Amino acid sequence: TIFGDPDFRRGVLNSVLIAGVTTVAALILGGLAAYPLARLRFRGRTFLMTGILALAFFPTGAILAPLFVEVRDLQILNSYLAVILVDTVFALPLTVWILTAFFRQLPPDLEDAAKVDGATTLQAFRMVIVPLAAPGVVTAGILSFIFAWNEFLFANTFLFDPAHWPVTVVIPNFATQHTI
């Protein structure tokens, strides 16, 4: 019965869209941030990594009102973009942390060999490092997808039109005062 409900089916599609785009964005941005953090040695790197991890534990409810004002000022309220941007920002710390750990495990000789063969740093990253770190990329992707799929607070706050609601917002609306 639940899958026959058009609101539920639309909510599932919206959830797939939001979680899918969030996952892809988090993996791309997180990979581009994690690679230099894993390979380069610079002063303050440990402090930066600790700060990134601390952001993952930041309570989302504490900044909901300022985020609402920012989304309103950007004029993206009641759009998928609002939820995708905020979900991506909150998925990035864990993605960066996981990918940094996986990129560190790979020997730098592999990318050096690719550079000797004429690859740029970005080509070596894309064609050598990312395929070899596939288990880490998949792990980070799964966790980002689950986070974005289960997210309720931002979707409920930034999306007013029921046509844009993900399944996490649609399901509570099945229980009303008169029906369940």
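Right above here is the structure, for reference.
With respect to a nonpolar patch on the surface
Part 1 of the reasoning: Nonpolar side chains collect at one region of the surface, where V24, I28, L29, L32 and L122 lie side by side and expose about 470 Å² of accessible area between them.
Part 2 of the reasoning: For the nonpolar patch, the leading source of residues is helix α1 (residues 6-39), giving 4 residues.

So, helix α4 (residues 80-105)
Part 1 of the reasoning: Its 26 residues give α4 an end-to-end C-alpha distance of 36 Å, which sits within 8% of 38 Å, the value for a rise of 1.5 Å per residue.
Part 2 of the reasoning: At L92, α4 is deflected by roughly 35°, the largest bend along its length, and proline P93 occurs up to four residues later in sequence.

Topic: the side chain of T22
Part 1 of the reasoning: Among the structural elements, T22 can be located in helix α1.
Part 2 of the reasoning: Within the local environment of T22, its side chain forms a polar contact with the backbone oxygen of I18, the two atoms lying 2.7 Å apart.
Part 3 of the reasoning: Setting aside chain neighbours within four positions, we find T22 in contact with I84, D87, T88 and A148.

With respect to the packing of aromatic side chains
Part 1 of the reasoning: Under the definition given, this model contains 8 aromatic pairs.
Part 2 of the reasoning: Residues F3 and F8 carry aromatic rings whose centres are separated by 5.3 Å and whose planes lie at 80° to one another, so their mutual orientation is edge-to-face.
Part 3 of the reasoning: Residue class for F8 comes out buried when judged on its relative accessible area of 9%.
Part 4 of the reasoning: Consider the rings of F145 and W149, whose centres lie 5.9 Å apart with planes at 25°: the pair is stacked. Placement of both F145 and W149 in helix α7 (residues 134-150) is noted, with a separation of 4 residues, approximately one turn of the helix.
Part 5 of the reasoning: The class of W149 is partly exposed, set by a relative accessible area of 25%.
Part 6 of the reasoning: Each residue in the set F68, F90, F154 and F158 is aromatic and connected to the rest through ring pairs, giving one cluster.

Rules used in this analysis
Every chain's residues receive numbers from 1 upward, in the order its sequence appears when written. Totals for whole chains, interfaces and linings use all residues, but because this is a predicted model, local features are given only for residues with pLDDT of at least 70 and pairs of side-chain atoms are given and counted only at 80 or more. In computing side-chain properties, one takes all heavy atoms of the structure into account and sets aside hydrogens as well as water. Like-charged residues are merged into a patch within 9 Å and nonpolar side chains (Val, Leu, Ile, Met, Phe, Trp, Tyr) within 5 Å, provided each residue has over 30% relative accessible area and no salt bridge. Methods summary: accessible areas were calculated by the Shrake-Rupley approach with a probe of 1.4 Å, and residue burial reflects only the protein chains presented. Whenever a carboxyl oxygen of Asp or Glu lies within 4 Å of a side-chain nitrogen of Lys or Arg, that contact is scored as a salt bridge. Secondary structure elements are taken from DSSP: a helix is a run of H or I of four residues or more, a strand is a run of E of two residues or more, and numbering for both begins at the N terminus. Each residue after the first adds 1.5 Å to the expected span of a helix. Bend angle per residue: angle between axes fitted to the 7 residues ending at that residue and the 7 residues starting there. Pairs of N or O atoms within 3.5 Å make up the polar contacts considered here, provided that, within protein, one atom can donate a hydrogen while the other can accept it, and that residues adjacent in sequence are counted only when both atoms are side-chain atoms. The criterion used for residue contact is that any of the two residues' heavy atoms lie within 4.5 Å. Two aromatic rings from Phe, Tyr or Trp, using only the six-membered ring of Trp, form a pair when their centres are within 6.5 Å; if the ring planes differ by under 30 degrees the pair is stacked, by over 60 it is edge-to-face, and anything between is tilted. Categorising residues by exposure relies on relative accessible area from a 1.4 Å probe, with only protein chains included: less than 20% of the type maximum marks a residue as buried, more than 50% marks it as exposed, and the intermediate range marks it as partly exposed.

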